[in-house]
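Coordinate analysis (summary)
Residue-level listing of the chains:
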Amino acid sequence: MATNQIGKPQNRVDGRDKVTGQARYAAEFNVKDLAYGVVVSSAIAKGRIKEMDTSEALRVEGVLEVFTSENRPKLASYDTSFQDEDAPPGSPFRPLFNRDVLFNMQPIALVVAETYELARYAASLVKVEYETEEYATDFEKERPNAYVPEEYKSTTPPDPWGKPETALKEAEHKVAEEYSHPSQHHNPMEMHATTAVWEGDGRITVYDKIQGVLNSQEYIMGVFGLAKEDVRVLSPFVGGAFGSGLRPQYQLFMAVMATLELKRSVRVALTRPQMFSFGHRPKTVQQLSLGAAADGTLEAVVHHVFAETSRFEDYSEDVIIWPGVLYKCDNVKVSHKLVGLDVYTPLDMRAPGGTTGIYALECAIDELSYKVGMDPVEFRLKNYSVRDQNEDKPFSSKELRECYRQGAELFGWKDRKPQPRSMREGHNLIGWGVANGAWEATQKPSGAKAVLTKEGKLTVSSATADIGTGTYTIMSQIAAECMGLPIEAVEFKLGDSSLPQSPLEGGSWTASTVGSAVKLVCEKLGEKLLELAQESDDSPFKEAGIEEVEFTDGQMRLKENSSVAIPLTQLLRDNKKDNIQVEAESKPSDEQENYSPYSHSAVFVEVKVDEDLGTIKVTRVVTAVAGGRILNPKTARSQILGGVVWGIGMALEEESVMDHQYGRFINHDLAEYHVPVNADVHDVEVIFVDEEDSIVNPLGVKGLGEIGIVSVAPAIANAVYHATGKRVRDLPITLDKVM
Amino acid sequence: MKPFTYTRADDVTSAVSEVSRQEGAKVIAGGTNLLDLMKIDVMQPRHLVDITRLALTTIEKTAEGGLLLGALATNADTAYHEQVEQRYPLLSHAILAGATAQLRNKATDAGNLLQRTRCYYFYDTHTACNKREPGTGCSAIHGYNRNHAILGHSEHCIATHPSDMAVALAALEARIHVTGPQGERTIPIADFHRLPGDTPEKDTNLADDEIITAIELSPKGFARHYTYLKNRDRASYAFALVSVAVGLDMEGDTIQEARIALGGVAHKPWRNPEAEALLTGKKASRENFQPVADAYVHGAKGFEHNSFKIELARRSIVRALMQAAHVDQNSNGN
């Protein structure tokens, strides 16, 4: 492996395509006779459609059809047919199923026309009369009715250990507080869209915005009764998704339905307001009671979670695992209850449960550190954990101490004055805060295929996705390194349901999962090349085992004697092969079962808070990450930077505001739903500490999609406290809460 | 978006006649707000008169020594114009505190004055809004009202005017030149925007058949003592929660004249000449600024999510005056 591709700050292999507009997204595939669908959304939160008058819309010249619950085609009737790979327990929403309205902005009709403009205009002419019913969208009002679901989508809360109540009662120092964050929407730059192409004879090709083409394919097969060979789903580029593309969204249903009915290609793209009509990070309230001994030993953690879900699915995420992961504590009790509302089902959003649970726990831990009178970093180190107490297993690796050390040093933490309101600059109060975080480093089974041509071109493929994270690039690097080829000779293909199976791109597992499959398939390719060489009796490789050869500089050669070498192109030509193909399926090792694999981070934040006006500026962030082996420091850094930026948004800006007069999210555009702008983001430093992990997967990588965000919001909240002496326990921390 | 017809005017006269001839006609220039609103059916003009070809883009000195901003000068060209930067830095700063570079490149000065409110309910046609659909009610009063008014609101509407530029123009006492079928007239900025009263659908006193041709600045630019202070929920591309435009005329540390206009608090840029007069002849100091700030928010009434604006306005006025007067914050009991 002498090309040293892994660990190189390789530019994105798809970068040029992206910046020159060559990379095409779901709504950009233009085909002949394409028709355009526009979704009509409900104006009420709950009730029934009494009457829908589509006649005026249908009279508009160029309108092809208006689909409603009355004229839709026959669909599958079982819940299981609508349940996708990421579906929570329950009965999934079925678009146009009947006249019932289950949530506000529910899709209730699809207008299809010759042009987008005509469809949009005709959609405005659809007249709907509703019978409204009482609805509940006020979380606090419904909280007394919170319930334990029959089945958790997330980890079932572990049984308590130790004697949490007693330990809490006897603890010298205590914190008992409630923390909350509002509903938040993913809002990727690219809005959800599907172009369904009619191929004739009941066959379709579908370009969908999705984090896993196989999920869309299965959904289409289940709902519309199509055979696998009749539906191919492609998603070569995704303009951000952050979890919103884990489940097939209703534009996929709409486009496919219209295409099958009209026997004509149809595109459906959602509008920005409609991006607020489906899954979101659920509003969550957390009660945390912590106790510590006089010397700072964490004695007890009691963590109760109340989180929003819909009336038809029990969504839950891993909010309660963090006390067992982040700290050593002998007395822990957790619970997770759901609050049913008349809204769409929440949906995994970057580090689902992690951003939520770690936010509350890391704020409470910070509060406790002040009560104990210990430096917040010292306090965390004092209660450092080397075992996952939920699973009672050791971590596969954990270089968090090093994260604290390097992060604190770069940040200059030693100069911090411990007292709140003790650092200032003119009318700005300065605050320094810290938080640590973790995220699971999972490996899933995945397939991959490799094709090497006699021209020396290597194509590796898997049905995974690249949601902007750099999958194309790092997989190309892994393949190039394994086969000793320049990266230009390697092409990685993804986002096509005809490719070898791969799980959804989510959970930070793609680098480890697909990366391991790519490594494995390349190893198999190597073996096959050696076998090929050994077919001729006079081959100098005749007696060599695979461990005795290496692939480098486009050649296969003996490790012990590099003069015994053959270019791969020549090897194929000599054996009259146009190409060699191999497929492989990688699986997590049995050894992993004995360990708990997590990535870790420590985040240090400086804020400046205007004492009079309450405006908060995050002036410095240092984030130190222990994420295993870093495949590409450049794309890795971008991942972490993105997480930090989003963490700033979560802490200070983001909120989907529910108006209870209408049961409707009301700030449904990017002018009023605030995410950070460039001017909100100042110095951000990313450190990757060295971390070797031979257990987590064959590559030793941990994945970086989520570790970057998890501890940013609490570090900011803790810095705001240090600056102002005010604990704001409900996000976002807007100026009115601190002024 | 509803179908509409479109014509392009070649001169002011033909633009005015087009606008007055066609019922439901609207003028379009930069289109940075109108087109958004048309796409979501909040505004449904049946006819658009494109005035982008009119010769109204120049910025030139007036005979009185002031400055005349052509209606079609872009926000960016105005903010970076040498005369504006040097003589009216308050205006320049206010413009640059608004929107984004891309929007400012496209948006015109007259269009800036005519932009519609950012009330969430005004933007959502599935909710009641007296400004969008008179008589349907105001959803904001009992709804989410974080960016809404604390001053001058009515039971029919609590929306705010979102412009930053207009706040500076209010402090500068600009005059708006308009042309209609009956000829030209000039409207002082204070009378240009309206309070909602029982006709919140009317943002301004510009008649339906009139168009703005220019914005006139008097020679008084307050270039030595000025501040535009904008508080918002993020550092850029967010509308003001409370903004303050201050221009001071000072001799030594004595204030000869003070102008203060607030943004984000009312249906129009908010002036209070009586409160301003409290500063005439006074020394610039926190002690003297505080009563002015109190007077400005006297009678203010907040709602569930925006009551904080009253105190924020008070503190912002003091801060802005201190900055404009170059009073050292820390030597004044801060």
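These numbers were taken from a predicted model, which means no experiment stands behind them. (Residues numbered from 1 in each chain as written. Chains lettered and ligands numbered in written order. Predicted model: local features only at pLDDT ≥ 70, side-chain atom pairs only at ≥ 80, totals over all residues. Heavy atoms only, no water.)

1. Some details on the domain arrangement of chain B
As assigned here, chain B comprises domain 1 (5–50) and domain 2 (226–331). For domain 1 of chain B versus domain 2 of chain B, the distance between C-alpha centres works out to 37 Å. (Domains from an automatic or database assignment.)

2. Focus on the packing of aromatic side chains
Enumeration according to the criterion identifies 27 aromatic pairs over all chains in this entry. Taking 5.5 Å as the distance between ring centres and 70 degrees as the angle between the ring planes, the aromatic pair formed by A:Phe276 and A:Tyr673 counts as edge-to-face. Within this pair, whereas A:Phe276 is found in the loop between strand E11 (266–269) and strand E12 (284–292), its partner A:Tyr673 is found in the loop between strand E29 (664–665) and strand E30 (683–688), the two being separated by 397 residues in sequence. The two residues A:Phe276 and A:Tyr673 agree in class, both being buried. Note on B:Tyr120 and B:Tyr121: the rings are 6.4 Å apart at their centroids and 80 degrees apart in plane angle, and the pair reads as edge-to-face. The class of B:Tyr121 is buried, set by a relative accessible area of 1%. The lysine or arginine in question, A:Arg143, covers the ring of A:Phe306, its NZ or CZ lying 5.0 Å from the ring centre. (Phe/Tyr/Trp six-rings, centres within 6.5 Å; stacked < 30°, edge-to-face > 60°. Helix = DSSP H or I, 4+ residues; strand = E, 2+ residues; numbered from the N terminus. Buried < 20%, exposed > 50% of the residue type's maximum accessible area, 1.4 Å probe, protein only. Lys NZ or Arg CZ within 6 Å of the ring centre and 35° of its normal.)

3. A word on the side chain of A:Ser601
Residue and element names in this part refer to chain A. Inspection of the secondary structure puts Ser601 in strand E26 (residues 598–610). Residue Ser601 is classed as buried on the basis of its relative accessible area, which comes to 0%. Within polar-contact distance, the side chain of Ser601 engages the side chain of Ser711 at 3.1 Å. When neighbours within four sequence positions are excluded, Ser601 is seen to be in contact with Leu400, Cys403, Ala435, Asn436, Gly437, Ala624, Val625, Ile707, Val710 and Ser711. (Polar contact = N/O pair within 3.5 Å; in protein donor to acceptor, adjacent residues only side chain to side chain. Contact = heavy atoms within 4.5 Å.)

4. Remarks on the sheet that holds strand E18 (residues 428–440) of chain A
All names here are of chain A. Pairing in this open sheet of five strands is mixed, and the strands run E17-E18-E26-E27-E30 from one edge to the other. Either end of the sheet is taken by a strand with one partner, and the two such strands are strand E17 (424–425) and E30. In this sheet, E18 lies alongside E17 in antiparallel orientation, the contact comprising two bridges. Directly across from Glu425, in E18, lies its bridge partner Asn428. (Pairing = 2+ DSSP bridges.)

5. Quick word on the pattern of salt bridges
Residue and element names in this part refer to chain A. Inspection of the entire model under this criterion finds 66 salt bridges over all chains. A salt bridge links Glu140 to Arg143; the nearest nitrogen and oxygen atoms lie 3.1 Å apart. We note a salt bridge from Lys457 to Glu491, for which the minimum N-O separation is 3.6 Å. With Lys457 in the loop between strand E19 (446–453) and strand E20 (458–461) and Glu491 in strand E21 (residues 490–493), this residue pair connects regions lying 34 residues apart in the sequence. The class of Glu491 is partly exposed, set by a relative accessible area of 31%. One salt-bridge network, in which partners are shared between bridges, spans Glu177, Glu362, Asp366, Glu367, Arg380, Arg727 and Arg729. (Salt bridge = Lys/Arg side-chain N within 4 Å of Asp/Glu carboxyl O.)

6. Here's the deal with the sheet that holds strand E23 (residues 555–558) of chain A
All names here are of chain A. The sheet built from three strands is open, its strands ordered E22-E23-E24 with antiparallel pairing. At either end of the open sheet lies a strand with only one pairing partner, and these are strand E22 (549–552) and strand E24 (565–567). With strand direction ignored, the average angle separating the axes of adjacent strands in the sheet is 20 degrees. Across four bridges, the pairing between E22 and E23 is antiparallel. For Phe551, the partnering residue across the bridge sits in E23 and is Met556. (Axes fitted to C-alpha atoms, helices over the stretch in contact; angles between N-to-C directions.)

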